[in-house]
Amino acid sequence: MKPSLPRILIIDDLFGRQIKDRSNRDRANLCGMYGLRDVTGDEAFPSDEEVVNPIAEAVFFRGQRPLLADVGDKVENDLDGTMAFVRQGWDTAPRWSLVLLDLCFYTGTVTKTSDKNLSGVPEGRAVDDDPREYFGLRILERLHAEFPDLPVIILSSKQREEVSQSFTAHGALGFIPRSDSTSPEKLRDYLWRHALTPDASDQMVGNSRALLLALRAARRAASDSHNVLIRGERGAGKELLARYVNECAIKAGIKRPFVVVDSGTLSPSLYGSELFGHVKGAYTGADRERQGRISQADGGDLFLDEIGNMPADVQTGLLRVLETRLVTPVGAGSGREVDVRFIAATNEDIEIRAASGGGFRADLLDRLREGGTIVLPPLRERREDVPLLAEQFVLQAEAARVGAMKRKITPEAVDKLLAYNWPGNVRELRNCIFKAVNDHPDVEHLVPDHISFASESGMPVTREAPKTTETQVGASDFKFADLIRLMESTEVPSSETMVWAGRLPELQRAYAGITIKLLRAALLATRRFTPKNPQGEVKIHPAIKLLMGNPEISASKAADQVKRIFVNLPESVRIECLADPILKVAHDTAVRLRPRASNKITTNAPVGGPL
Amino acid sequence: MTTNWQNDRAQLSHNWLQNGVIVALYHAMGVVIGRVRVREVRKTLNEDIIRWCERHHEFSDLLIRFEAEMSPKVFFDQVPLCRCSDETKEWLIPLTHELWMRRENVKEKNASAMVAFQTVECAYEKACSAFEALPESPVAEDMELLGLRLRDMTTACETLARAISAFPHEIRCV
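Definitions and cut-offs
Residues numbered from 1 in each chain as written. Chains lettered and ligands numbered in written order. Predicted model: local features only at pLDDT ≥ 70, side-chain atom pairs only at ≥ 80, totals over all residues. Heavy atoms only, no water. Phe/Tyr/Trp six-rings, centres within 6.5 Å; stacked < 30°, edge-to-face > 60°. Helix = DSSP H or I, 4+ residues; strand = E, 2+ residues; numbered from the N terminus. Buried < 20%, exposed > 50% of the residue type's maximum accessible area, 1.4 Å probe, protein only. Lys NZ or Arg CZ within 6 Å of the ring centre and 35° of its normal. Salt bridge = Lys/Arg side-chain N within 4 Å of Asp/Glu carboxyl O. Pairing = 2+ DSSP bridges. Right-handed = clockwise from strand over helix to strand, strands pointing away. Contact = heavy atoms within 4.5 Å. Buried area = accessible area lost by both parts, 1.4 Å probe. Polar contact = N/O pair within 3.5 Å; in protein donor to acceptor, adjacent residues only side chain to side chain. Nonpolar A, V, L, I, M, F, W, Y, C, P; charged D, E, K, R; others polar.

1. Examining the packing of aromatic side chains
Reasoning step 1: Under the definition given, this model contains 18 aromatic pairs over all chains.
Reasoning step 2: Residues A:Tyr420 and A:Phe453 carry aromatic rings whose centres are separated by 3.8 Å and whose planes lie at 5 degrees to one another, so their mutual orientation is stacked. Placement of A:Tyr420 in the loop between helix H15 (411–419) and helix H16 (425–439) and of A:Phe453 in the loop between strand S21 (445–446) and helix H17 (480–489) is noted, with a sequence separation of 33 residues between them. Side by side, A:Tyr420 and A:Phe453 carry an identical accessibility label, which is buried.
Reasoning step 3: Linked through ring pairs, B:Trp5, B:Phe66, B:Trp100 and B:Phe167 together constitute an aromatic cluster.
Reasoning step 4: Sitting over the face of the ring of B:Phe131, B:Arg42 holds its NZ or CZ atom 4.7 Å from the ring centroid.

Here it is in structure tokens:
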């Protein structure tokens, strides 16, 4: 399960525009400059060219209408369209790890001269080039309001000084001068510090936004040597996250020590000796000198699990170490200097205890979180990671159980796992899967009956994750088939063309927009969730059955319906739709299933019940 | 008020030089160091380098036009200053123009932009020579000199872009 490359959205009028001959050479050059793999899907990237070891995947979006402009066309900024495009890559995987946003978007008419200079680029208007009016800043404002967690970096060849205050105020995290020798390195750095990217080592498995935010916080914490506090429920993976911090801090390939102290398993009498070490004869039974855990972690990280269990006198000793950077073994007269970063973890509300004098020193807590607090979400808040985790645990359990057969997790079993609340978090999920494999070593499928939960308290009455089964829809007067038929058959008599001029395209766009939104909603609602596709696999057959209200419709007829919808879309809408990964899958599937079937209206097209 | 000059500068310097030529040169450097793998190395490098020739001749014209189009003397063609008497215009227009020229350091900006332009032209010639010297199917060692020449040309283009950006973004009063 090798994690995929982070996916960057680049909103830029020049590099995002589509070109008549489908070859945006400038875009390919930009990818070569920054080390990006273009996955926009509009076939703009030269087929005879490859970026070696790309650092990220890039999806380009123009931020304007139309995406493909010709001489005489008017190009206008499209804030709502841009937001819709961002939204689909934020709500559904693969998600944007980072957005690179241009500032200046040129609008107006595409003239012969402007088109000759740069294909499809308009001549520009006065307001476009005014730093106070940059369209990029308007996009940024909306992005920050709607997606405060989405990292946005400005990528522009404009002067940083002109807009630095504006872009900072609107939440951009940095600025990359587009054509500058340091820019590729800057992008690499920003990806590391700000992007929402999964753990490349695959120790912290998952792609949920909640986990990616925690991982980003960990990478940021790792960039200096300040102590960090990790908060999270039992079994959520606090030690794994601490190891991630440790591994992220590796510099020049030198591995830093990582030493674990489980405060919950130590008796109060042994705690001091364990942490600080002792000299020979320090107490009865101390027949030789012993190095403490803090000294073992010198030059690296000490992970203090369940910090809330630390006895009061050990807290005092630890505070002294944190203040002086000197560790004094029990029974010794003097200390030795150490360079250790402390990563403490707790599942308690330790701040309240510290504030109320409830057995934890506030000054120690301040020292332990000087580099910040990372909150690790419970599994129920990152439910979409359950299938991936389950798949990994199945592999581990099969490897650990001699002779166990290789198995697949059935969608029904995934549903059962998704429905549970996991009070014991990832550890409980691991135990559950290991038990299922151990109890049933000779099967090729993991089915719901194999899964038993440790706690009844985790059993939910409702579930938030979507079902893999088709949803029954209620009665309505609206028939989707009529919508398609109307779209196909609407024609304006030539005598009335002038009357409709200017309005018909807008109406067609609106109508097509409704149709396509319905199709997209149905495709999302009927996705099939499997361990290999935890984000859900798009299936056109159940989606069309749902839309048509006709459970009898065949797969080929469903493909025909999808093709009918696309064929009748206005060109500009079709191009926008094909930039949407969900709709593109539907379109491509339909074309693959019915490569030659007619797209014309069929009088006996299946029209089922209401939607 | 936006003049043709401002629009033309945006098209030439922002759209074409910075986002076209310079990015293409970085792409060429990527090909040279093997970060970008292409089927036809010579063809790709040639396309990247000769981007400069597409519109380089427009720079001289742009620089010459600046003084005529961005000087506040153009206000004397518009209401209300066009209502000044001819006698007043005769001394006020040259004075306005001269004050603006000094305040905006127009001559210095023009001179440094012209020098930057000539530097790119020179760097381009050298890059072309290094390119011409490549064998039919060049390998990494063959392209070391070209890599250096491309770096020089990129730096020169960046200097030119900065020099063009240094001109005022509006017609300023004096």
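2. Some thoughts on the pattern of salt bridges
All names here are of chain A.
Reasoning step 1: In this structure the tally under the stated criterion is 48 salt bridges over all chains.
Reasoning step 2: As a salt-bridge pair, Arg142 and Asp80 come within 3.5 Å of each other at their nearest N and O atoms. One end of the pair, Arg142, is in helix H4 (residues 135–146); the other, Asp80, is in helix H2 (residues 79–91), with 62 residues separating them in the sequence.
Reasoning step 3: Overall, the relative accessible area of 30% leaves Arg142 in the partly exposed class.
Reasoning step 4: The exposure class assigned to Asp80 is exposed, which follows from its relative accessible area of 55%.
Reasoning step 5: In this structure, the salt-bridge partner of Asp560 is Arg594, at a minimum N-O distance of 2.9 Å.

3. Structural notes on the pairing of strand S18 (residues 341–346) of chain A
All names here are of chain A.
Reasoning step 1: Extensive coverage of S18 is indicated by the burial of six of its six residues.
Reasoning step 2: Neither face of S18 is left uncovered, since the one carrying Arg341, Ile343 and Ala345 and the one carrying Phe342, Ala344 and Thr346 both have all their residues buried.
Reasoning step 3: Where strand S11 (residues 228–231) meets S18, four bridges bridge the pair, whose relative direction is parallel. Looking across to S18, one finds that Val228 is bridged to Ile343.
Reasoning step 4: Across four bridges, strand S15 (residues 301–305) lies against S18 in parallel orientation. Within the sheet, the bridge partner assigned to Phe303 lies in S18 and is Ile343.

4. Details of the sheet that holds strand S8 (residues 108–109) of chain A
All names here are of chain A.
Reasoning step 1: The antiparallel open sheet is built from three strands, whose spatial order is S5-S6-S8. Each having just a single partner strand, strand S5 (64–65) and S8 make up the two edges of the open sheet.
Reasoning step 2: Sheet analysis places strand S6 (residues 74–77) next to S8, joined by two bridges and oriented antiparallel. Its bridge partner being in S8, Val75 is matched across the sheet by Gly108.

5. Observations regarding the pairing of strand S10 (residues 174–177) of chain A
Two faces belong to every sheet, and in a regular strand the side chains alternate between them.
All names here are of chain A.
Reasoning step 1: Of the pairings in the sheet, the one linking strand S9 (residues 152–156) to S10 comprises four bridges and is parallel in character. Paired with Ile153 across the bridge in S10 is Gly174.
Reasoning step 2: For the segment spanning S9, helix H5 (residues 160–169) and S10, crossover handedness is right-handed.

6. Quick notes on the interface of chain B and chain A
Reasoning step 1: Opposite the 27 residues of chain B that make contact, chain A presents 32 residues.
Reasoning step 2: In this assembly, chain B packs against chain A so that about 2800 Å² is buried in total across both faces, 46% of it on carbon and sulfur atoms.
Reasoning step 3: By the criterion of area lost to chain A, the three top residues of chain B are B:His14, B:Arg35 and B:Arg37, representing 20% of everything that side buries.
Reasoning step 4: At the boundary of chain B with chain A, the tally comes to two salt bridges.
Reasoning step 5: Here B:Arg51 ties to A:Asp26 by a salt bridge, and the two come within 2.8 Å at their closest N and O atoms.
Reasoning step 6: Where chain B touches chain A, the interface holds 16 residue pairs in polar contact (both at pLDDT 80 or more).
Reasoning step 7: Contributing elements (two or more residues each) for the side of chain B that touches chain A: helix H1 (4–33), strand S1 (36–38), helix H3 (51–55) and helix H7 (144–165) of chain B.
Reasoning step 8: Element by element, the count of residues in the side of chain B that touches chain A is highest for H1(B), at 13 residues.
Reasoning step 9: A per-class count over the side of chain B that touches chain A returns seven nonpolar, twelve polar and eight charged.

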